[in-house]
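For reference, the chains in residue letters:
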Amino acid sequence: MAKSTRRPLVAGNWKMNLDHVEAIRLIQDMALRLRNLDHRAVDIAVHPPATDLRSVEGIIGADQLPIALGAQHCSAYSSGAYTGEISVAMLARLSVTLVLVGHSERRLHYAMTDTDVAATTAAVLKGLLTPVICVGESAAEREAGETETVLVRQVSAALEGVAKGAEQSIVVAYEPVWAIGTGIAATTEDAQLACGRIRDEIRERRGDVADSIRILYGGSANPENAGELVSQADVDGLLVGGASLQGESFAAIVSAVCACYGT
Ligand code: PGA
């Protein structure tokens, strides 16, 4: 039975793993496994490292795979003296349609601020790509009872980069920092609570369009917990790190989400 009219999205964040040769192998393996699955009801995306995008684009294009191509980060600027950065237009030329914005690893290791997240979100939307805006509290913030405050702050700041009327083009990912890469996922109740709070915040600021925005959960998602997580009312898919690096586990996650959405 379909649980909501929002189309679920399962996105694999490969982080800084796999060179382009390994990436080709993985995308081909995924494609083979997904072929045996009726996943029409689910959107699937992969976010390889930037150096892999051209190769993965080639495989997706040649084999017409039903997999969207995503990036892990981009510059808020359109061009110029920003050594090491990549623009939205460059990504668009590689058939990239989604960009992670403000992943906690960017916030933590590269000092990405809420203001940077808003500016990058605006740049991605201007380039007609979909920002996957990542929010989530740290372990310390959670222990201090600040989860809601952090989520409200991060969501409201990111919305500064979303023009009125463009809300439908965003995806939000709730990724509690303490759950990322730890093997300890949020409970389904906590995931629902946080995703519901995020939707409420968007509704308060932008109105009923909040009901059409996809909110993903991310943080140690795996084939065992995927189905239960997405069965929650406000969890519209998953952002998967570690388990997206193997075709078998990623396909198993997609399969669990399909089962929840009635295919
Ligand atoms: P994980 O990473 O699934 O390995 O916890 C999720 C993410 O950081 O997007």
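Every chain is numbered on its own, with residues counted from 1 as its sequence reads. The predicted nature of this model means local features are confined to residues of pLDDT at least 70 and side-chain atom pairs, given and counted, to a pLDDT of 80 or more, with totals for whole chains, interfaces and linings taken over all residues. Hydrogen atoms and water are omitted, and side-chain values are computed over all heavy atoms in the structure.

Some points on the site of the ligand
Part 1 of the argument: The criterion for a residue being near a molecule or strand is simple. One of its heavy atoms has to lie within 4 Å of it. With respect to spatial proximity, 13 residues lie near the ligand, and among them Lys15, His103, Glu175, Gly181 and Ser220 are the closest.
Part 2 of the argument: One nitrogen or oxygen atom from the side chain of Lys15 is found 2.7 Å from an oxygen atom belonging to the ligand.
Part 3 of the argument: Contacts described as polar in this section are N or O atom pairs within 3.5 Å, which, within protein, must combine one atom able to donate a hydrogen with one able to accept it, while residues neighboring in sequence count only if both atoms come from side chains. One nitrogen or oxygen atom from the main chain of Gly241 is found 2.8 Å from an oxygen atom belonging to the ligand.
Part 4 of the argument: Relative to its free-state accessible area of 280 Å², the ligand is covered by the protein chains to the extent of 95%.
Part 5 of the argument: Its residues assigned to classes, the shell around the ligand comprises 4 nonpolar, 7 polar and 2 charged. In short, Shrake-Rupley with a 1.4 Å probe defines the accessible areas, and a residue's cover is counted only from the protein chains shown. Each residue gets one of three labels, nonpolar for Ala, Val, Leu, Ile, Met, Phe, Trp, Tyr, Cys and Pro, charged for Asp, Glu, Lys and Arg, and polar for the others, Gly among them.

Notes on the nonpolar core
Part 1 of the argument: In this structure, Ile27, Val46, Val96, Ile198, Tyr217 and Leu238 are the most contacted members of the largest nonpolar core, which totals 72 residues.
Part 2 of the argument: Top contributing element to this core by residue count: helix H10 (residues 247-260), with 8 residues.
Part 3 of the argument: Residue contacts for Tyr217: discarding those within four places in its chain leaves Tyr174, Pro176, Ala179, Ala185, Ala186, Ala191, Leu229, Val235, Gly237, Leu238 and Leu239.
Part 4 of the argument: The next biggest cluster of nonpolar side chains, apart from the first, holds 11 residues, and it includes Leu100, Val171, Leu216 and Leu239. Definition of nonpolar core: a set of buried residues of the types Ala, Val, Leu, Ile, Met, Phe, Trp, Tyr and Cys, connected through side-chain atoms within 4.5 Å. Relative accessible area decides the class of each residue, using a 1.4 Å probe on protein chains only: under 20% of the type maximum gives buried, over 50% gives exposed, and in between gives partly exposed. Comment: elements are numbered from the N terminus, with helices defined as DSSP H or I runs of at least four residues and strands as E runs of at least two. Here, residues are in contact when the closest pair of their heavy atoms is within 4.5 Å.

Quick word on the pairing of strand S3 (residues 68-71)
Part 1 of the argument: The pairing of strand S2 (residues 43-47) with S3 spans 2 bridges and is classified as parallel. Directly across from Ala45, in S3, lies its bridge partner Ala68.
Part 2 of the argument: By the criterion used throughout, a crossover qualifies as right-handed when its path from the first strand across the helix to the second strand runs clockwise, the strands pointing away from the viewer. Each parallel crossover has a hand, and for S2 linked through helix H2 (residues 53-63) to S3 it is right-handed.
Part 3 of the argument: The pairing criterion for strands is at least two bridges between them, as found by DSSP. Both S3 and strand S4 (residues 96-101) contribute to a ladder of 3 bridges, which runs parallel. Across the sheet, the residue bridging to Ala71 is Val99, located in S4.
Part 4 of the argument: After leaving S3, the chain enters helix H3 (residues 88-93) and then returns to the sheet as S4, a path that is right-handed.

Comments concerning the environment of Ile86
Part 1 of the argument: By the secondary structure assignment, Ile86 is in the loop between S3 and H3.
Part 2 of the argument: Between the alpha carbons of Ile86 and Val56 there is a distance of 17 Å; along the sequence they are 30 residues apart.

Let's talk about the sheet that holds S4
Part 1 of the argument: With respect to topology, 8 strands assemble into a closed barrel ordered S1-S2-S3-S4-S5-S6-S7-S8, the strand pairing being parallel. The sheet shows a mean angle of 25 degrees between the axes of neighbouring strands, direction not considered.
Part 2 of the argument: The strands touched by helix H8 (residues 188-206) within the sheet are strand S5 (130-135), strand S6 (171-174) and strand S7 (214-218), with S6 carrying the most contacts at an inclination of about 145 degrees.
Part 3 of the argument: Note on method: axes are straight lines fitted to C-alpha atoms, helices fitted across the in-contact stretch only, with angles between N-to-C directions ranging 0 to 180 degrees. Of the strands in this sheet, strand S1 (9-13), S2 and strand S8 (237-240) are in contact with H10, which crosses S1 at around 165 degrees.

Notes on helix H1 (residues 20-35)
Part 1 of the argument: A helix is expected to reach a length of 1.5 Å times the quantity of its residues less one. With 16 residues, H1 extends 22 Å between its outermost C-alpha atoms, agreeing within 8% with the 22 Å of an ideal straight helix rising 1.5 Å per residue.
Part 2 of the argument: Residues of H1 that are buried: Ala23, Leu26, Ile27, Met30, Ala31 and Leu34. Taken around the axis of H1, the buried residues stretch over an arc of 135 degrees, which confines them to a single face. Away from its buried face, by an angle of more than 90 degrees, H1 presents the exposed residues Arg25 and Arg35.
Part 3 of the argument: Looking at the buried positions of H1, the neighbouring elements they touch are S2, H2 and H10.
Part 4 of the argument: At the N-terminal boundary of H1, the capping side chain belongs to Asp19, with an oxygen 3.0 Å from the backbone nitrogen of Val21. It is the directions from the helix axis to the C-beta atoms whose arc is reported.

Structural notes on H10
Part 1 of the argument: The end-to-end C-alpha separation of H10 is 20 Å, in line with the 20 Å expected for 14 residues at 1.5 Å each.
Part 2 of the argument: Among the 14 residues that make up H10, 10 are buried, leaving the element largely enclosed by the rest of the structure.
Part 3 of the argument: Regarding H10, the residues found buried are Gly247, Ser249, Phe250, Ala251, Ile253, Val254, Ala256, Val257, Cys258 and Cys260.
Part 4 of the argument: Taken together, the buried residues of H10 touch S1, H1, S2, helix H9 (226-230) and S8.
Part 5 of the argument: Looking at the residues trailing H10, positive phi occurs at Gly262, about 85 degrees.

Quick word on unusual backbone geometry
Part 1 of the argument: Unusually for a residue other than glycine, Lys15 sits at a positive phi of about 50 degrees.
Part 2 of the argument: For Lys15, the position within the fold is in the loop between S1 and H1.
Part 3 of the argument: Positive phi is not limited to glycine here, since Gln64 has a value of about 50 degrees.
Part 4 of the argument: Tracing the chain through its elements places Gln64 in the loop between H2 and S3.
Part 5 of the argument: Classification of Gln64 as exposed rests on a relative accessible area of 70%.

Brief notes about the packing of aromatic side chains
Part 1 of the argument: Here a pair means two rings of Phe, Tyr or Trp (six-membered ring of Trp) with centres within 6.5 Å. Their orientation is stacked below 30 degrees between planes, edge-to-face above 60, and tilted elsewhere. All told, the structure shown has 2 aromatic pairs when counted by the stated rule.
Part 2 of the argument: Between the aromatic rings of Tyr77 and Tyr82, the centroid separation amounts to 4.1 Å while the plane-to-plane angle is 0 degrees, which identifies the pairing as stacked.
Part 3 of the argument: Judged by its relative accessible area of 48%, Tyr77 falls in the partly exposed class.
Part 4 of the argument: Relative to Tyr217, the ring of Tyr174 has its centre 6.2 Å away and its plane inclined at 55 degrees; by these criteria the two rings are tilted. Pair noted here: Tyr174 is in strand S6 and Tyr217 is in strand S7, with a separation of 43 residues, a long-range link. A single burial state applies to Tyr174 and to Tyr217, both of which are buried.
Part 5 of the argument: Lysine and arginine charges are scored as sitting over a ring when NZ or CZ, respectively, is within 6 Å of the ring centre and within 35 degrees of the ring normal. The ring of Tyr110 has Arg106 lying over it, and the distance from NZ or CZ to the ring centre is 4.0 Å.

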